[in-house]
Amino acid sequence: MTFFADLMSTLFERGPFRPSRKAFDMESIGPEIDELLSGVGEVSGVRLARDILSQYQAMDEAAKRAFFEHLASRLDLDADEVIKAADAYRSDRSAKTLHRLTRAAEPRRQELLRRLNQAPGATDWLVRMREELLRLLPESPELDVVDADFQHLFASWFNRGFLVLRRIDWHTPANILEKIIEYEAVHAINDWQDLRRRVLPSDRRCFAFFHPAMPEEPLIFVEVALCRGIPNSIQDLLDDGHQTLPEHEADTAVFYSISNCQEGLKGISFGNLLIKQVVEELAAEVPSLKTFVTLSPVPGFNRWLRAQAEERPEIETLIEQLQSREPEAVSEHGAVLRGLCAQYLIEAKGNYGRPIDPVARFHLGNGALLHDIHALADKSANGWDQSSTVMVNYLYDLKQVSRNSERFMSNGEVLTSKQVRQLLPRV
């Protein structure tokens, strides 16, 4: 067979990662890893990468743990060589000594992951590999060095230049729509009719980021409702009796659900890019839109309330009254609940002086402003469980997002509207 035919056969053979029939353990896969790292030819390299990934896919959890342990120990930095290379560069700042230093300072496992990525479809499987690694980390923290290499490479492989924004609508292929249903992490999509209500009407939008190496796997998606005015209830937005609003009458775009789809890409930020690009797309497509806001959950609010109740009897009493899960109880104490939520979002800080609420950190870091707080906004079981029905609007003012983001990132300042500041309990 010619070199070209051999290469084409390797690249286009179907099912690149079927589990290998050969026995797999570190004694068998270790030499293949060393051979792949030795710089074999292109065809042999692709075959080796396929074979290693195929063997990995067939491993049980114990074997996968041994595989990651091999990467952590046998393919780690040579600290002595790093010191020697750094000393050489300090004495002679030439391209030659710089090259030596950069090679020494990179763990060999990073090069292994690059070479594994030669195989067709490997990017998807490497994302799955990291997902499995993340599950092992709580009991095997020494594998964190391997995760650091995955993050380093994925930050480059999945940077903004490679991401493709696609609108998800009723004409999107069914296999992708099924994944939208599966990956929805904020407001569950119950069935195909529920999905249809979110992507088919002219006043509804859904956008997702894809990567060319994973064209059928959404990385993150956002659901949008075009409205007249700022909504204060997720049930109103998702109501199956919703009357479609003509596009030209909409003045507000509401981002009501943002879902990350790939656990293996945890820590790789897409959300800020997605929101900003979708805002630009919508502003160009629907000129009548003047306001861009979210209707966001407050996932840590009830947890914070319970912690505060230990020292504040009035909060303990409030929690007891809300346990009935009756809307009337929220209506009666709505002003107090909203004020406590304002206190939680503005004053409850964690690492680096940032809000402890993850959704708040996300939107405020993107340059949004805490615009309003609503009680009885999410009457689902999850809404009661995490925030006693409270939801929040974060406002994206296109002229202010960069300045707002800088202020938040520099000193943790939570920018708020006047109506939110007025909700804070008066001391």
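Our structure is the block above this text.
Treat the numbers as computed from the prediction; the structure is a model and nothing was measured.

> Where do I start with the overall build of the chain in this structure?
Assigned secondary structure in the chain consists of 21 helices and seven strands. Within the chain, the proportion of its 427 residues that are buried is 48%. Taking as baseline every contact in the chain between residues at least 6 positions apart, the subset at least 24 positions apart corresponds to 73%. Counting only carbon and sulfur atoms, one obtains 50% of the accessible surface of the chain, whose full area is about 21200 Å². One way to put it: in the chain the 50 positive side-chain charges average out to a point 5 Å from where the 64 negative ones average out.

> Teacher, can you tell me more about the nonpolar core here?
Nonpolar side chains in soluble globular proteins tend to end up buried together. Core analysis: the largest hydrophobic core is formed by 94 residues, its most contacted members being Phe68, Phe158, Phe301 and Leu345. What phenylalanine 158 contacts, discounting residues up to four positions off in sequence, is Thr123, Val127, Leu163, His211, Met214, Leu219, Leu265, Ile268 and Phe270. Membership of the second largest hydrophobic core comes to 13 residues, among which are Ile168, Ile176, Ile180 and Phe210.

> Explain the pattern of salt bridges here, please?
When their charged atoms lie close together, side chains carrying opposite charge are able to pair. Tallied over the full model, the rule gives 27 salt bridges. Across the pair arginine 114 and glutamate 111 runs a salt bridge whose closest N-O atoms are separated by 3.1 Å. You can see arginine 114 and its partner glutamate 111 sitting in helix 7 (residues 108-116), three residues apart, about one turn around the helix. As a salt-bridge pair, glutamate 285 and arginine 205 come within 2.9 Å of each other at their nearest N and O atoms.

> Would you explain unusual backbone geometry in this entry?
One can expect most non-glycine residues to show negative phi and most peptide bonds to be in trans. In this structure, arginine 325 is a non-glycine residue whose phi angle is positive, near 55 degrees. Along the chain, arginine 325 turns up in the loop between helix 15 (313-322) and helix 16 (327-332). A positive phi angle, near 55 degrees, is found at leucine 376, a position not held by glycine. With respect to the helices, strands and loops of the structure, leucine 376 is situated in the loop between strand 6 (369-374) and helix 19 (381-387). The exposure class assigned to leucine 376 is partly exposed, which follows from its relative accessible area of 22%.

> How should I be thinking about the state of the cysteines in this particular structure?
The term disulfide refers to a covalent linkage connecting the sulfur atoms of a pair of cysteines. Inspection of every chain in the model, using the stated rule, returns zero disulfides. Left unpaired, cysteine 227 is separated from the closest cysteine sulfur, that of cysteine 206, by 15 Å.

So, how was this worked out
- Just so you know, the residues in each chain are numbered from 1, in the order the chain's sequence is written.
- In keeping with the predicted nature of the model, local features appear solely for residues at pLDDT of at least 70, side-chain atom pairs appear and are counted solely at 80 or more, and the whole-chain, interface and lining totals rest on all residues.
- Calculated side-chain values reflect all of the structure's heavy atoms, with hydrogen atoms and water omitted.
- The helix and strand labels rest on DSSP assignments: H or I over at least four residues marks a helix, E over at least two residues marks a strand, and numbering proceeds from the N terminus.
- Type-normalised accessible area, obtained with a 1.4 Å probe on protein chains alone, sets the label of each residue: buried when under 20%, exposed when over 50%, and partly exposed for intermediate values.
- We call two residues contacting when some pair of their heavy atoms lies within 4.5 Å.
- Surface accessibility in these figures is a Shrake-Rupley result with a 1.4 Å probe; residues are shielded only by whichever protein chains are displayed.
- In this tally, Asp and Glu contribute negative charge and Lys and Arg positive charge; neither His nor the terminal groups of the chain are included.
- To locate a charge, take atom NZ for lysine, CZ for arginine, CG for aspartate or CD for glutamate.
- Side-chain atoms within 4.5 Å are what join buried Ala, Val, Leu, Ile, Met, Phe, Trp, Tyr and Cys residues into a set we call a nonpolar core.
- Any carboxyl oxygen of Asp or Glu that lies within 4 Å of a side-chain nitrogen of Lys or Arg is treated as forming a salt bridge with it.
- The definition used for a disulfide is geometric: two cysteine sulfur atoms within 2.5 Å.

Just distances and angles here, no functional claims.
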